[in-house]
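Spelled out from the first residue to the last, the chains are:
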Amino acid sequence: MVDVAVVGASGAVGQTIERVLRERAVPVGRLGRFASRARDGIEEVRLDRLQQFDVVFFASSEDASCTYAPALLERGAIVIDNSSTYRLREDVPLIVPGVNSEAMGAEQRLFPVANCTAIILCVALAPLRQRAGLRRVRVATYQAASGAGRAGLDELLASERAAFTGAPDAPPKVFSRVLARNVIPQIGDIDEHGESGEERKVRDEARKLLGLPALALSASTVRVPVHTAHAEAVWVETERETSVEELYAALERTPGVRVHREGIVTPREVEGSDLVHVARLRREDDHSQRHFVLWCVGDQLRRGAATTAVEILELLLARGLVA
Ligand SMILES: NC(=O)c1ccc[n+]([C@@H]2O[C@H](COP(=O)([O-])OP(=O)(O)OC[C@H]3O[C@@H](n4cnc5c(N)ncnc54)[C@H](OP(=O)(O)O)[C@@H]3O)[C@@H](O)[C@H]2O)c1
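Just so it is clear, the structure is predicted and the values come from calculations on it, not from any experiment.

1. Quick notes on the overall build of the protein chain
Scanning the protein chain from N- to C-terminus turns up nine helices and twelve strands. Relative to the 2.2 N^0.38 estimate, which gives 20 Å for 323 residues, the radius of gyration of the protein chain is 20 Å and therefore close to what a compact globule would have. For the protein chain, the spread of C-alpha atoms along the principal axes amounts to about 65 × 55 × 40 Å. Within the span of the protein chain, comprising 323 residues, buried residues form 53% of the whole.

Structural data, given as structure tokens:
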């Protein structure tokens, strides 16, 4: 049995981590719930309380992991952090079970969980890389409101109600525009090169996860009025010639992927699923055996965050690496 704390227990990812721990019957002894302020069943976060747990999941802000993770690691705890704080640190492997579990070090105690869009993308790309190598990837995303946490989903719901009743729109706080009946081509701040924070994360983290630091990869990330699950249209140029049939077969052999050879798959259909769903794999044009397009969809709260975090703990338990 391991004693587990969740920091961010009142939030979208924290609540999903608890659900996934229960569903997968992870042998949890004591479960501590923490957030920035106390309420029913949740304590205000404090270092001396977190130090009483073997494993601490952070599903909170970058501030919280920066403040508490170093002291927890010093005492030998396992830290599994959904924020972006440690993802790109060179001395910290970024692990997604099923994509690069082999990169997990025996001494590793700190496990950043990668960006949700990058995880969904890399689960779909890993078998293609294995089959034919990757030369270039371009991705356009369609990202759900709950990707911006509880406040993001609440803002979408309020703007949907206003749209329905004809009430005037409240000024948006989480998103840069009203999201109901809209799409917003900006997730995170846009830098001096015109790239958004989310686009940078997807590129940098996908390169790290795939072990391809020089991969040509560009993303255009867009918020859409979907509640949960991110969708991605992906253009792939492979290193070697291959075919749609070979790529579908490689995807079908991958445990975390569900292939839809016929028809389509949409975010509403994959809510609650731990799989990355792939459909509409096709050649980009009639002449090339190296250019392909596909559509993939994943529940970003589960596959893109909580399930990946819990699978990291399961890997550690299976290898006897948790005290
Ligand atoms: N949403 C997604 O799809 C998704 C996917 C992948 C990764 N992530 C990452 O996961 C983390 C959590 O995201 P979320 O969407 O679950 O956010 P959320 O719904 O806004 O929840 C945030 C949680 O963190 C707590 N919190 C915030 N600042 C804190 C602090 N300084 N100390 C202690 N607790 C604090 C909040 O507590 P109070 O309620 O008391 O303020 C709340 O419980 C973020 O780093 C996010 O980038 C999110």
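On we go from here.
2. Re the nonpolar core
Core analysis: the biggest nonpolar cluster contains 67 residues, and Ile17, Phe57, Ile80, Leu125, Val234 and Leu313 have the highest contact counts within it. For this core, the element with the most residues is helix α4 (residues 116-132), which contributes nine residues. Ignoring sequence-local partners within four residues, the contact set of Leu125 consists of Leu134, Val137, Leu210, Val234 and Val236. In this structure, Val56, Phe58, Ala77 and Leu110 belong to the second largest nonpolar core, which totals 17 residues.

3. Side note on the site of the ligand
Surveying the vicinity of the ligand reveals 27 residues, the closest of which are Ser10, Val13, Ser36, Arg39 and Ser60. At 3.2 Å from an oxygen atom of the ligand is found a main-chain nitrogen or oxygen belonging to Gly11. Between the ligand and Ser60, the relevant distance is 2.7 Å, taken from an oxygen atom to a main-chain nitrogen or oxygen of the residue. For the ligand, whose unbound accessible area comes to 900 Å², protein coverage reaches 79%. Mapped onto the shell around the ligand, the elements with two or more residues apiece are α1 (12-23), α5 (149-165) and α9 (302-318).

4. Focus on the environment of Trp235
Assignment of secondary structure puts Trp235 in strand β9 (residues 230-238). Along the sequence, Trp235 and Leu47 sit 188 residues apart, while their C-alpha atoms lie 45 Å from each other. Setting aside anything within four residues of it in sequence, one finds Trp235 in contact with Arg136, Val137, Arg138, Ala140, Glu284, Phe292 and Val293.

5. Some words on helix α3 (residues 62-74)
With 13 residues, α3 ought to run about 18 Å at 1.5 Å a step, and its terminal C-alpha atoms sit 19 Å apart, in line with that. Along its length, α3 shows its largest kink, about 35°, at Tyr68, and proline Pro70 lies within four residues downstream of that point. Among the residues of α3, Ala64, Ser65, Tyr68, Ala69 and Leu72 are the ones counted as buried. Along its buried surface, α3 packs onto α2 (47-50), β4 (55-58) and β5 (78-81). Backbone geometry just downstream of α3 places Gly76 in the positive-phi region, at approximately 90°.

6. Topic: the side chain of Asn100
Tracing the backbone through its elements, the reader meets Asn100 in the loop between β5 and β6 (110-112). Using a relative accessible area of 5% as the deciding quantity, one classes Asn100 as buried. A polar side-chain atom of Asn100 sits 2.8 Å from the main-chain amide nitrogen of Val96. What Asn100 contacts, discounting residues up to four positions off in sequence, is Leu94, Ile95 and Leu209.

7. Brief notes about the side chain of Thr228
Here Thr228 lies in the loop between β8 (216-220) and β9. According to the relative accessible area criterion, Thr228 is buried, its value standing at 10%. Of note is the side chain of Thr228, whose polar atom sits 3.4 Å from the side chain of Ser146. Once residues lying within four places of it in the same chain are set aside, the contact partners of Thr228 are Ala144, Ser146, Pro267, Glu271, Asp299, Gln300 and Leu301.

8. Side note on the pairing of strand β2 (residues 28-35)
Strand direction decides the pairing type here: strand β1 (residues 2-7) and β2, joined by five bridges, are parallel. Across the sheet, the residue bridging to Ala5 is Gly32, located in β2. Once you follow β1 into α1 and on to β2, the crossover reads as right-handed.

So, how was this worked out
The numbering scheme is per chain: residues are counted from 1 as the chain's sequence reads. Confidence filtering applies because this is a predicted model: local features only for residues at pLDDT of at least 70, side-chain atom pairs given and counted only at 80 or more, and all residues used for totals across whole chains, interfaces and linings. Hydrogens and water are ignored here; the side-chain numbers use all heavy atoms of the structure. By the criteria applied, helices consist of DSSP H or I runs no shorter than four residues and strands consist of E runs no shorter than two, each listed in order from the N terminus. In this setup the radius of gyration rests on C-alpha atoms only. A globule is expected at 2.2 Å times the number of residues raised to 0.38. The cut-offs for exposure are 20% and 50% of the maximum accessible area for each residue type, with area from a 1.4 Å probe on protein chains only; residues under the lower value are buried, those over the upper are exposed, and the others partly exposed. Among buried residues, the Ala, Val, Leu, Ile, Met, Phe, Trp, Tyr and Cys ones that are joined through side-chain atoms within 4.5 Å form a nonpolar core. Any two residues whose heavy atoms approach within 4.5 Å at even a single point are treated as in contact. If even one non-hydrogen atom of a residue comes within 4 Å of a molecule or strand, that residue is called near it. As used in this structure description, the phrase polar contact means that two N or O atoms lie within 3.5 Å; if the pair is within protein, one of them must be able to donate a hydrogen and the other to accept it, and residues adjacent in sequence are counted only when both atoms belong to side chains. Each accessible area is a Shrake-Rupley result for a 1.4 Å probe, and residues are judged covered by the shown protein chains and nothing else. For a helix, the expected span equals 1.5 Å multiplied by the number of residues minus one. One fitted axis covers the seven residues ending at a residue, a second covers the seven starting there, and the bend at that residue is the angle between these axes. Here, any two strands with at least 2 DSSP bridges between them count as paired. The crossover handedness rule: strands pointing away from the viewer, path from first strand over the helix to second strand clockwise, crossover right-handed.

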